[in-house]
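Structural overview
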Amino acid sequence: MKKTFIARNPSALWFLAALAIFTILVTVLSESVGAGIISTSFLKTLGKTLCLCLVAIAMDVVWGYCGILSLGHFAFFGIGGYAIGMWLMYARTEGIVVTSLQSNPLPSTPQEITDAIGTQIFGVVGSSEFPALWAFSQSLPLQLLAVVLVPGLLALVFGWLAFRSRVTGVYLSILTQAMTLALSLYFFQNDTGLRGNNGLSGLQNIPGLEDRSQATVSLWFFWASAAALAMGYILFAYVVSGKFGSVIRAIRDNEARVRFLGYHVEHYKLFVFTITAMVAGIAGALYYPQAGIINPAEIAPIASIYLAVWVAIGGRGRLYGAVIGATVVSLLSSWFTGGSAPNINLGFYEIRWTDWWLVLLGVSFVLVTLFLPKGIGGLFDALVRKPDVDRQGDYGPDKGAWRDEEGAPE
Amino acid sequence: MAQTLQDILQENAEAIAKPSRRTVDKVISALADAPVDGIPTFLEDWRDKAIWQRETDGLFFSAVKNGDGLILTDLDSGEETTVADDDGFNQSKPNAGVRRVISSALVQFLLSDPDITRRQAALDAIGRAPSADQLAPLRDSIDGEPEADILARKQQLERQLTAQFDEDPDARIAAIKDLSGNVSVEARGVISQILATRAFVAAKIPENANVAKVLDVGEDLSAQEAYAQLIAAGLAPASVTPDDVKASLIANITDGRVAGFDVATLDTDNARIAAYDALVAAGDAPPFIPEADRTAAIGAHTFYLAYIEPNPEVTAAAEDADKAIGTMLAGGQAIDLTLDALSLASIYFLAAIGLAITFGVMGVINMAHGEFIMMGAYTGYVVQQFVPDYTLSILIALPLAFAVTFAGGVALERLVIRHLYHRPLETLLATFGISIVLQQLAKNIFGTQARPLTSPDWLAGAWVLNDVVQISYIRIAIFVLALLFLGLILFILKRTRLGLEVRAVTQNPGMAASMGINPDKINMMTFGLGSGIAGIAGVAIGLYAKVTSEMGSDYIVQSFMTVVVGGVGNVWGTLAGASLIGFTQKGIEWFNPSNTLAAQTYMILFVILFIQFRPKGIVALKGRAAGD
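These numbers were taken from a predicted model, which means no experiment stands behind them. (Residues numbered from 1 in each chain as written. Chains lettered and ligands numbered in written order. Predicted model: local features only at pLDDT ≥ 70, side-chain atom pairs only at ≥ 80, totals over all residues.)

1. Here we look at the overall build of chain B
Within chain B, the secondary structure is distributed over 25 helices and 12 strands. Computed over its C-alpha atoms, the radius of gyration of chain B comes to 37 Å, more than 25% above the 25 Å expected for a compact globule of 628 residues. Across its three principal directions, the C-alpha atoms of chain B cover 105 × 95 × 55 Å. Taken across its 628 residues, chain B has 38% of its residues classed as buried. (Helix = DSSP H or I, 4+ residues; strand = E, 2+ residues; numbered from the N terminus. Rg over C-alpha atoms; globule rule 2.2 N^0.38 Å. Buried ≥ 20, exposed ≤ 12 C-beta atoms within 10 Å, placed from the backbone.)

Below you can see the structure in the form of structure tokens.
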């Protein structure tokens, strides 16, 4: 008996419906077309949160379903942002430079225009030459391709090296963390040609859309982020359901047994690692034009650990859990650190949340790990009221295997 | 009555009051022959225009301005008198040339001055700015030098001055030979001064030129540079650059047209050159020099570097000395690099040694390990607030840091890690939560700015072998501390009851428990020990780096890599890992010294590749101890 995709993934339908309602609601309340209750800056925050949700579900697939605790997916996110940022910066600077050169008595040659753009972009790092990395920066299609291909290729090469030498568990986490550190140090160097620690800036100004207000452009990006999240959710729901999904969950719980059953474990892992990296790249490419600036600090190892934290808080091994985790933590974080949370006066000491939010986050994170292994998403199990599975011990012997307490059949 | 300084000055009164290049030498030699005190002071004052003559009796005084008046100092007795008005006094104003003569004469007096510090200062002055006229007085002063140190310094400077300035080429060559193999900055400066070259261009190299190198156009210098040299030497007409083309075009725009071309069409290089050619044809601009003409002009001339020093034998000897120095220098730099790498390795080892126990031996991923290092460093800082004596405060801080972080480690193990054994990925995330809590707490308590942890005076400074090889004492201390820890931990693990039980529990907790060992207690103690050692490492690291709330996260990734590369479960492995990473990083830095970020990047890439070939690390455990 073959069930339809929706029947196998009832949560997908619910999720898509919720996302659609949310998008319509935000549109109706937005500044540019609706009631104007949601400010443009908050709209941007919401759009960015959707992008973070997308990278979080990618992380959930690679960790929650396949058991690979990758501490490098935020680096792929950042690479996607850099790839689109290079085009944004080039095209926008070109517009500015061409306008300013028009006042010269002689019309400019193409070489002069390129030189002027180079001086404008790389002046901050004391250079004016275009580095080799920027070879395709004038072409939007090629840079869009880079958004997907560069993280994909990097993940493919790195994953192939790591999986074929059977680096697993904690060692793989440390190795991916080392990769992230290397990448962020590489981006920090002025010699790399990505403007060192200045990063790329002014990304919120989209070339060709100068006459549109930020409110309109932000709404478009919000829609694009929502669409990307919806498509990413469908893609990953498809990937983790069916036979393929069973195999990768089996790899998570007992890799050796899957290998003995004749599956090419490395191929499965490599596929999951690479495709999630590509989706992370896309999420980054949608995120940074809304953030307006990207610099190497964004891809520091700690960002990738936070990503794992969101997934764990939301509940790993369920896609909507990742979305909940990312939304709750990032929105709460901007609420607390933005200074809108009321301070608590204890009489002898005043708790300012800008100082204490990280303490609260860390503590709640430890508590979730210890006492709520299913995360916030696990609360939904109470609604569905499925019978508890009678089983002894964890799902498998592997380090990333589901714990006994996490167990809940889909 | 003995002759005084004033008497001698009076004999030369005219020459002193109105000094000139002609007369100054006579004054100097008169002073040199006179057996009186105070000559150096007088010369200094004279050079600094602080000698005044009283018009009434012609006596000279050392004087400083005091409002409108003067404070006079008698040159012989040192007696001070103040006059309200400088009328009636004339200042002696030697010009720049005279002052130079006075200065070099001064060196000669100072070199035999009875005061050691003044002799020292004179030698330093020579070292800073050597010149030919210092040679003779320096040689004269060597014989009477009683102080061994200063004598050695004088001889050294004498060799250097001889190599540079002696009139006899053989003496110079001999001195240069003496300098070969000397890596001091001064000696290298002397040799490179002798070997200084200047670029020349000529149709044929003149007979008398002391040629250092004939330059190959295209290899040693670009065709453009070569042509620029030809222009500078007046051997070729100036060429027209693209900027010149542009300027000429702009200058000749009339009604939107240049030489018949529409300005709007001039947006390519070819169009601009066509328009410029039209300008040339009309005689409005200097002509282009075609590429072929330029190549021919370059081909017809020889470009070469010639030594400024005319004597080829001297330069040949200097070249030999330079080579010898180069070899010595490379050796010295290699030693220096090795010392650097060694100290980097010991820092990595110190940072990672606690992890070698908690992660390596127990298999617990503790992301808060870096924060234990930070806690140790802050403990040191707090102790220094209460105990002002730096030596004593360090001695108190070391055990106190151990106690604080030991307690922290035990608490962490009891409250969190105990529940997550065999769940390393969850441990990783939970301890990460602890790590951000500790970091933020440190920030809330101590603020975001870096706090100083001052090392005692006896650890300041450096052990200087020569100008190339030197290492600071603090790094030596860290190295010694690392060795001490290695010994201590090996002793605890291999020679004590606790170590035996630790090894038993980590290999097989069930079996250990049935042999009467309490695994809970052992795990607690082991984790506490690892954390406590991180605390002590924190004090050591805080001494040479700054203490901030983020200092731990700087070391955490490197520390994990150190343990993984070295091989888990083995203290020797951590040592090997730290050495490999430290030496690799310094080795990469050697190729590109200006870019330490690049060195770190490539070092991490190297580690990632290394893991491919030795997934179990350098010192891999075998058999049952390996665990799988």
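2. Structural notes on the overall build of chain A
Each helix and strand in chain A was counted, giving 15 helices and 4 strands. A globule of 410 residues ought to have a C-alpha radius of gyration of about 22 Å, and chain A, at 23 Å, matches this closely. Each of the 410 residues in chain A was classed as buried or not, and the buried ones make up 46%. Pairs at least 24 residues apart make up 76% of the contacts formed inside chain A by residues separated by at least 6 positions. (Contact = placed C-beta atoms within 7 Å.)

3. Observations regarding the sheet that holds strand S7 (residues 211-215) of chain B
All names here are of chain B. Pairing in this open sheet of 3 strands is antiparallel, and the strands run S6-S10-S7 from one edge to the other. The sheet is open, and its two edges are formed by strand S6 (197-202) and S7, each paired on a single side. The sheet shows a mean angle of 25° between the axes of neighbouring strands, direction not considered. Of the strand pairs in this sheet, S6 and strand S10 (residues 302-307) are connected by 6 bridges, and their pairing is antiparallel. Counterpart to Ala202 in the pairing with S10 is Thr302. (Pairing = 2+ DSSP bridges. Axes fitted to C-alpha atoms, helices over the stretch in contact; angles between N-to-C directions.)

4. What to know about the interface of chain A and chain B
Each partner contributes to the interface: chain A provides 44 residues, whereas chain B provides 44 residues. If you list the elements that add at least two residues to the side of chain A that touches chain B, you get helix H7 (169-188), helix H12 (301-314) and helix H14 (353-371) of chain A. For the side of chain A that touches chain B, the leading source of residues is H7(A), giving 14 residues. When the residues that make up the side of chain A that touches chain B are grouped by side-chain class, the tally is 29 nonpolar, 10 polar and 5 charged. (Nonpolar A, V, L, I, M, F, W, Y, C, P; charged D, E, K, R; others polar.)

5. Observations regarding the packing of helix H4 (residues 73-101) of chain A against helix H6 (residues 140-164) of chain A
Residues and elements named next belong to chain A. One can describe the packing of H4 onto H6 by two numbers: an axis separation of 9 Å at closest approach and a directional angle of 160°. For the element pair H4 / H6, the angle class is roughly antiparallel. Along this stretch, H4 crosses H6, giving a crossing that reads as right-handed. Seen from H4, the contacting residues are Phe76, Ile79, Gly80, Ala83, Ile84, Met86 and Trp87; seen from H6, they are Leu140, Gln143, Ala146, Val147, Val150, Pro151 and Ala155. (Parallel < 35°, antiparallel > 145°, perpendicular 65-115°, else oblique. Left-handed = near helix turned anticlockwise from the far one by under 90°.)

6. Comments concerning the pairing of strand S2 (residues 60-66) of chain B
Residues and elements named next belong to chain B. Bridge count for strand S1 (residues 51-54) against S2 is 3 bridges, and the pairing is antiparallel. Paired with Gln53 across the bridge in S2 is Phe60. The turn joining S1 and S2, which pair antiparallel and follow one another in sequence, is formed by 5 residues; a positive phi near 75° is taken by Gly58. Pairing of S2 with strand S3 (residues 69-74), which is carried by 6 bridges, proceeds in the antiparallel orientation. If you follow Ala63 over to S3, its bridge partner there is Leu72. Here S2 folds back onto S3, and the loop between the two strands holds 2 residues, one of which, Gly67, carries a positive phi near 65°.

7. A short note on the domain arrangement of chain B
By domain assignment, chain B separates into domain 1 (5-163), domain 2 (199-307) and domain 3 (330-626). Averaged C-alpha coordinates put domain 1 of chain B and domain 3 of chain B at centres separated by 61 Å. (Domains from an automatic or database assignment.)

8. Some words on the sheet that holds S2(B)
All names here are of chain B. Pairing is antiparallel across the open sheet formed by 5 strands, whose spatial order is S4-S3-S2-S1-S5. Because the sheet does not close on itself, it has two edges, and the strands there are strand S4 (80-83) and strand S5 (89-91). The mean inter-strand angle of the sheet, taken between neighbouring strand axes irrespective of direction, is 40°.

9. Description of the environment of Ala230(A)
All names here are of chain A. Along the chain, Ala230 falls in helix H8 (residues 214-240). Residues Ala230 and Gly347 lie 117 residues apart in sequence; the distance between their C-alpha atoms is 48 Å. Among all residues touching Ala230, those that are not within four sequence positions of it are Leu16 and Leu19.

10. What to know about the confidence of the model for chain B
For chain B, per-residue confidence averages 83 on the pLDDT scale, and 98% of positions sit at 70 or higher. Interface scoring of the predicted complex returns ipTM 0.86; its pTM is 0.79. (pLDDT = per-residue confidence, 0-100.)

11. Focus on the nonpolar core
If you look at soluble globular proteins, the nonpolar side chains tend to sit buried side by side. Judged by nonpolar contacts, the single largest core of 211 residues is most densely connected at Val55(A), Ala56(A), Ile57(A), Ala308(A) and Leu350(B). The contact partners of Leu350(B), leaving out residues within four places of it in the chain, are Ile478(B), Leu481(B), Ala482(B), Phe485(B), Ala537(B), Ala540(B) and Ile541(B). (Core = buried A, V, L, I, M, F, W, Y, C linked by C-beta atoms within 7 Å.)

12. Describing the pairing of S4(B)
Residue and element names in this part refer to chain B. The pairing of S3 with S4 spans 4 bridges and is antiparallel. Residue pairing in the sheet places Thr73 in a bridge with Glu80 of S4. As consecutive antiparallel partners, S3 and S4 are separated by 5 residues, and within that stretch Gly78 has a phi angle of approximately 80°, a positive value.

13. A closer look at the packing of helix H7 (residues 135-142) of chain B against helix H8 (residues 148-165) of chain B
Residue and element names in this part refer to chain B. Between H7 and H8, the shortest axis-to-axis distance is 10 Å and the interhelical angle comes to 150°. Comparing their axes, H8 and H7 come out roughly antiparallel. Classified by chirality, the crossing of H8 by H7 is left-handed. Taken together, the residues of H8 that come into contact with H7 (itself represented by Leu135, Leu138, Arg139, Ser141 and Ile142) are Leu151, Lys154, Gln155, Leu157, Glu158, Leu161, Thr162 and Phe165. Split into classes, the residues belonging to the contact of H7 with H8 amount to 7 nonpolar, 3 polar and 3 charged.

14. A short note on the environment of Glu426(B)
As for its placement among the helices and strands, Glu426(B) is situated in helix H18 (residues 424-446). Aside from chain neighbours lying at most four places away, what touches Glu426(B) is Thr369(A) and Leu420(B).

15. So, unusual backbone geometry
A positive phi angle is found at Arg195(A), which is not glycine, with a value near 65°. Within the secondary structure, Arg195(A) sits in the loop between H7 and strand S1 (200-201). A tally of 23 C-beta atoms within 10 Å means that Arg195(A) is categorised as buried. For Lys49(B), which is not glycine, the phi dihedral falls at a positive 60°. Turning to its location among the elements, Lys49(B) is positioned in the loop between helix H4 (39-47) and S1.

16. A closer look at helix H15 (residues 312-361) of chain B
All names here are of chain B. A rise of 1.5 Å per residue sets the reference length of H15, with its 50 residues, at 74 Å; its end C-alpha atoms lie 68 Å apart and thus fit the reference within 8%. Taking the largest bend as the criterion, H15 deviates by roughly 40°, centred on Leu355. Of the residues one or two after H15, Gly363 is the one with positive phi, at around 80°. (Expected span 1.5 Å × (residues − 1). Bend = angle between axes of the 7 residues up to and from the residue.)

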